[in-house]
Amino acid sequence: MKLTIFYDSQCPLCLAEMKQLQAYDEKGRLQFANLNTDSFNERYPHIDRAKANRILHAQWDNGEVLLGLDVTHLAWSLVGKHKWLAILRWPIIRYLADGIYLLFARYRYSISFLLTGQSRCQGQCALGDSKQC
């Protein structure tokens, strides 16, 4: 089964993580869907783009939807990297990590600016695009 991750191509940090995941995905377990494409709503009418912009969404082929750090942990597990992320799913830590993640997601453009000097990608950046953000 494949996991489709719905990502924000306008967020430099989000895009960088998706590029890393794509590079490590040697077994082809991941697919990536850019929330900012014109055809997104047609291709994924069951995914609310506004909600997916607030919290990371992913979906298995069978229709099961995952959110937030569950997506992050699973995606990195599928590519065999960052095994330490399992700590973020432990019961007590999970509650705190999910709250921090929601803050990160809300302020990701500001955090991107602090870390990269760019709050949003210029133009339409996406996986496979030759443009660099």
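If you're wondering where the values come from, they're calculated on a predicted model, not measured in any experiment.

1. What to know about unusual backbone geometry
Consideration 1: The phi dihedral of His82 falls on the positive side, at around 50 degrees, and the residue is not glycine.
Consideration 2: Secondary-structure assignment places His82 in the loop between helix 4 (69–78) and helix 5 (91–106).
Consideration 3: Exposure remark for His82: the relative accessible area of 36% places this residue in the partly exposed category.

2. Remarks on the sheet that holds strand 3 (residues 57–60)
Within a beta sheet, neighbouring strands are joined by backbone hydrogen bonds and run either parallel or antiparallel to one another.
Consideration 1: Spatially, 4 strands are ordered 2-1-3-4 in an open sheet, and the strand pairing comes out mixed. The open sheet has two free edges, formed respectively by strand 2 (30–34) and strand 4 (65–67), since each of these has just one partner strand. This sheet shows a mean twist of 25 degrees between the axes of neighbouring strands, independent of strand direction.
Consideration 2: Two strands pair when backbone bridges link them, and strand 1 (residues 3–7) and strand 2 are joined in this way by 5 bridges, in the parallel orientation.

3. So, a nonpolar patch on the surface
Consideration 1: Nonpolar side chains collect at one region of the surface, where Trp84, Ile87, Trp90 and Ile93 lie side by side and expose about 420 Å² of accessible area between them.
Consideration 2: Residue position: Trp84 is located in the loop between helix 4 and helix 5.
Consideration 3: Given the relative accessible area of 52%, Trp84 is considered exposed.

4. Observations concerning the packing of aromatic side chains
Consideration 1: Applying the stated criterion across every chain, the model contains 5 aromatic pairs.
Consideration 2: A ring pair is formed by Phe6 and Tyr44, whose centres lie 5.0 Å apart and whose planes are at 80 degrees; its orientation type is edge-to-face. Here the residue Phe6 occupies a position in strand 1, and Tyr44 occupies one in the loop between helix 2 (40–43) and helix 3 (49–54), the gap between them amounting to 38 residues.
Consideration 3: Classification of Phe6 as buried rests on a relative accessible area of 1%.
Consideration 4: Taking relative accessible area as the criterion, Tyr44 reaches 15% and is therefore assigned buried.
Consideration 5: An aromatic cluster is built from Phe6, Phe40 and Tyr44, whose rings are joined through pairwise contacts.
Consideration 6: We note Arg120 situated over the ring of Tyr109; from NZ or CZ to the ring centre the distance is 3.6 Å.

5. Observations regarding the packing of helix 1 (residues 12–24) against helix 6 (residues 108–116)
Consideration 1: It is the contact of helix 1 with helix 6, at a shortest axis distance of 8 Å, that shows an interaxial angle of 75 degrees. Between helix 1 and helix 6, the interaxial angle falls into the category roughly perpendicular. Taken together, the residues of helix 6 that come into contact with helix 1 (itself represented by Pro12, Leu13 and Cys14) are Arg108, Ile111, Ser112, Leu115 and Thr116.
Consideration 2: For the contact of helix 1 with helix 6, the per-class residue count stands at 5 nonpolar, 2 polar and 1 charged.

Scoring rules and cut-offs
Residues numbered from 1 in each chain as written. Predicted model: local features only at pLDDT ≥ 70, side-chain atom pairs only at ≥ 80, totals over all residues. Heavy atoms only, no water. Helix = DSSP H or I, 4+ residues; strand = E, 2+ residues; numbered from the N terminus. Buried < 20%, exposed > 50% of the residue type's maximum accessible area, 1.4 Å probe, protein only. Pairing = 2+ DSSP bridges. Axes fitted to C-alpha atoms, helices over the stretch in contact; angles between N-to-C directions. Patch = residues over 30% accessible without salt bridge, like charges linked within 9 Å, V, L, I, M, F, W, Y side chains within 5 Å. Areas by Shrake-Rupley, 256 points an atom, 1.4 Å probe, with all protein chains shown as cover. Salt bridge = Lys/Arg side-chain N within 4 Å of Asp/Glu carboxyl O. Phe/Tyr/Trp six-rings, centres within 6.5 Å; stacked < 30°, edge-to-face > 60°. Lys NZ or Arg CZ within 6 Å of the ring centre and 35° of its normal. Parallel < 35°, antiparallel > 145°, perpendicular 65-115°, else oblique. Contact = heavy atoms within 4.5 Å. Nonpolar A, V, L, I, M, F, W, Y, C, P; charged D, E, K, R; others polar.

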